[in-house]
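# Notes for the structure review
So the chains spell out like this:
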Amino acid sequence: MRNAGASIDPPTDPFAAATPTVPRRKHPVRPATGSLPPGVSSDIFGSRPLTPANPQDSALPPPATVEPWRVAGPKPAPLGGVTLAERAAEPDEPQFRWCRMLCITLTVMALLAYLIPAVLLTGRVLPGTTVLGVDLGGLTTAEAEQRLRDRMASHIATAIVIKQGAQRVSLNPQTSGLSLNAAATVEQLPTGFPSPMEVWQAFTGQHEVKPVIAVDRNRLDQVITTEVARDLEERMVEGGVRFDGLQPVAVEPKAGTTVNVTAIAEGVTDAYLTPELIVEVDPLPARPTVSKSGVAEMLAWAKRAISGPVRLVTKDTTVELSPELLAAHLAFIPDGSGGLNPQFDGAAAIRGMNLVPPELAPKNATFDTSGSQPALVPAKAGKGVDTARLSAEVIKEIGPGGDRTVTVPLVTAQPTLTDQEAAKLGVKERIGTHTSVFPCCQPRVGNIQTVARMLDGRIVQPGETFSLNNATGRREGAAGFTGSAEDVEVRGKHGRDVAGISQFATAMYNAVLLGGLETVEAVPHSGFVSQYPPGLEVAVSYPAPDLRWRNDSNHGVLIRATATGTAVTVTLWSTARFNVELKQSARYKVVPAGQTTGPATGCVPQAGVAGFTIRTTRVLTPVAGGTPLTDTVTTTYHPQPQVICPPATSS
């Protein structure tokens with residue numbers, strides 16, 4: 001092989017013929033040609049063709065311009081035959097160094113432009129963040145919450161108008177269960193380490209966050225069904241029959257409208273704290289299910305039903321249900337097909353009646369308190385009235401074809417309190433007792449004694465709330481109660497009752513106070529009644545006001561009640577928790593009775609009673625030791641003027 005001439009053989013590497021021509025680069029270490037050793041051509045550097053400087057000085061024919069002979073081996077290095085190692089060793093040229101520095105500088109500047117504001121904004125609401133138009137940007141969460149409350153104070157109370165046709169009703173959101181949950185609203189604001197996009201948005205735009213609305217749906221529905229419905233509804237009247245004394249009265253059916261509670265609640269919630277404060281709704285039709293003919297048919301039935309008494313016959317006795325008692329416990333229920341079904345509450349009607357001889361009646365476990373310690377009296381099964389069958393039989397007998405006589409159906413009855421249950425109640429000592437005295441020989445005395453008999457031996461379970469009205473039922477016209485009933489109003493509560501019930505209730509109320517039990521409802525008379533202790537008495541009528549108290553202990557409470565012709569005593573037995581002391585202030589804020597002139601005819605003179613205020617404090621000291629508890633009740637009695645009758649005129 002000759003190094004000076006071109007080869008006539010084809011190259012062994014097929015890529016050699018196609019090697020691209022690249023610009024010659026000045027080798028950084030190549031010496032000048034004048035300094036090369038003898039016999040070494042500069043062509044070894046591949047910088048020019050292998051030809052003599054002057055072709056005429058050579059005896060050989062002029063060679064063709066060729067590349068140095070390639071030897072089989074690794075592929076040629078890219079970019080003009082310079083290897084990667086050589087390129088790595090080459091120093092950067094100035095233009096590349098400048099570009100690199102520019103890129104690094106711009107990158108650092110971009111990072112600083114993001115990181116500096118990001119660090120400063122961390123822990124604060126991003127600038128440009130608003131809630132309901134209130135700018136909260138740059139504030140801490142506490143500051144944002146306070147600003148939101150301050151700025152929205154007037155808006156959260158803005159009334160929402162509910163429009164139904166031409167009718168409009170304003171709804172106060174603050175009393176309807178709607179409120180702005182400022183804390184939850186601020187929690188959803190961006191306050192952490194912001195992303196680059198969040199930093200960009202913080203300085204170039206605004207971000208509105210939707211507020212969190214707290215909704216008490218039960219309260220909202222209650223307001224809609226009462227206050228809103230009162231103004232928007234056209235009350236539907238269901239057909240029926242009621243009694244006015246002993247006179248059956250027809251209740252004619254009438255169609256009406258009702259409010260769409262769900263639609264109004266959703267509309268009000270959506271409109272709250274928005275510019276759209278008017279909610280438009282459509283009424284829902286409300287149609288009665290009882291027809292006029294159904295009312296007329298039942299009205300005729302009701303007239304016959306109370307035309308006379310019904311006789312209840314047992315093996316040993318006969319008891320009558322008076323027309324008044326029938327009317328008080330008859331009800332008329334829609335039957336779903338345009339008519340009415342009569343229903344009779346037999347259990348309530350016979351309450352207090354001795355339809356089963358005492359020796360046959362079931363007996364709950366109770367306690368004998370005649371000795372020094374209560375003794376358990378075992379329970380016993382017996383006979384009882386099947387009140388469901390009795391009610392059905394009464395309906396049958398007071399209807400067409402009935403003879404108004406019912407044989408009382410009896411069934412085996414089990415006691416409701418067993419010996420084992422009674423023994424666990426902890427009835428072991430007297431916890432409270434009180435005696436209320438009254439004048440002898442008045443008709444009301446019999447009513448007091450009847451209530452005492454009904455409640456004597458009753459046990460109030462732990463956690464149970466005792467109601468005097470529920471325990472005795474309606475007393476007007478019931479067996480054992482005498483005298484006419486009168487309508488009463490006591491401190492806004494209305495009822496109708498026979499005389500003497502408040503006397504028994506006052507005795508029980510004082511026993512409850514001394515027993516350390518919780519009072520639920522105890523309404524004093526409007527004006528002071530001299531036969532009762534001031535501040536320690538209650539008025540009771542049916543259905544209201546009532547005497548209610550709760551056994552808030554872990555033990556049962558046994559009621560013992562006895563009544564003579566001049567006094568009634570109520571004693572409560574259980575396990576004592578407190579030593580109780582009652583303290584009362586002197587009467588203060590005394591208001592003179594004043595005088596008034598009675599009517600010219602039918603005048604009844606009446607002594608005046610001054611009004612006053614008295615404060616009663618109950619101190620409960622735990623028997624096991626500890627800090628005493630106190631509760632105070634302030635009672636104000638209104639003055640009752642003296643009634644002076646005018647002198648009779650001579651004819």
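Refer to the structure presented above.
These remarks concern the structure in this document. Quick caveat, the model's predicted, so the values are computed rather than measured. (Residues numbered from 1 in each chain as written. Predicted model: local features only at pLDDT ≥ 70, side-chain atom pairs only at ≥ 80, totals over all residues. Heavy atoms only, no water.)

## Things to note about the overall build of the chain
What the chain contains, in helices and strands, is 16 helices and 36 strands. Of the contacts formed within the chain by residues at least 6 apart in sequence, a portion of 71% connects residues at least 24 apart. Summing over all exposed atoms, the chain offers an accessible surface of approximately 37400 Å²; the carbon and sulfur share of this is 55%. (Helix = DSSP H or I, 4+ residues; strand = E, 2+ residues; numbered from the N terminus. Contact = heavy atoms within 4.5 Å. Areas by Shrake-Rupley, 256 points an atom, 1.4 Å probe, with all protein chains shown as cover.)

## Some remarks on the state of the cysteines
Applying the stated criterion across every chain yields a total of two disulfides. Between the sulfur atoms of Cys440 and its disulfide partner Cys441 the distance amounts to 2.2 Å. On the S-S bond that ties Cys440 to Cys441, the torsion sits near 50°, and the link is right-handed. Of the residues examined, Cys440 reaches a relative accessible area of 44% and is grouped as partly exposed. Here Cys441 falls in the exposed class, since its relative accessible area comes to 68%. Disulfide pairing is shown between Cys603 and Cys645; the S-S distance is 2.0 Å. Between Cys603 and Cys645, the disulfide has an S-S torsion of -85° and is therefore left-handed. In this pair, Cys603 sits in the loop between strand E33 (595–597) and strand E34 (611–622) while Cys645 sits in the segment after strand E36 (642–644), placing the two residues 42 residues apart along the sequence. A relative accessible area of 26% means that Cys645 is categorised as partly exposed. Looking at the chain, its bonded cysteines, counted consecutively from the start of the sequence, adopt the pairing 1-2, 3-4. (Disulfide = S-S within 2.5 Å. Buried < 20%, exposed > 50% of the residue type's maximum accessible area, 1.4 Å probe, protein only.)

## Side note on the packing of aromatic side chains
On inspection of all chains with the given rule, the structure shows six aromatic pairs. Judged by centre distance (6.3 Å) and plane angle (85°), the ring pair of Trp301 and Phe332 falls under edge-to-face. Of this pair, Trp301 sits in helix H9 (residues 292–305) while Phe332 sits in strand E15 (residues 330–334), placing them 31 residues apart in sequence. Comparing Trp301 with Phe332 shows no difference in burial state: the two are buried. Between the aromatic rings of Phe528 and Tyr637, the centroid separation amounts to 5.6 Å while the plane-to-plane angle is 65°, which identifies the pairing as edge-to-face. (Phe/Tyr/Trp six-rings, centres within 6.5 Å; stacked < 30°, edge-to-face > 60°.)

## A few points about the pattern of salt bridges
In this structure the tally under the stated criterion is twelve salt bridges. One salt bridge in this structure joins Asp456 and Arg560, with 3.5 Å as the shortest N-O distance. Of this pair, Asp456 sits in the loop between helix H14 (444–455) and strand E23 (459–460) while Arg560 is found in strand E29 (residues 557–563), placing the two residues 104 residues apart along the sequence. Members of the salt-bridge network, linked through shared partners, are Arg474, Glu476, Asp487 and Arg496. (Salt bridge = Lys/Arg side-chain N within 4 Å of Asp/Glu carboxyl O.)

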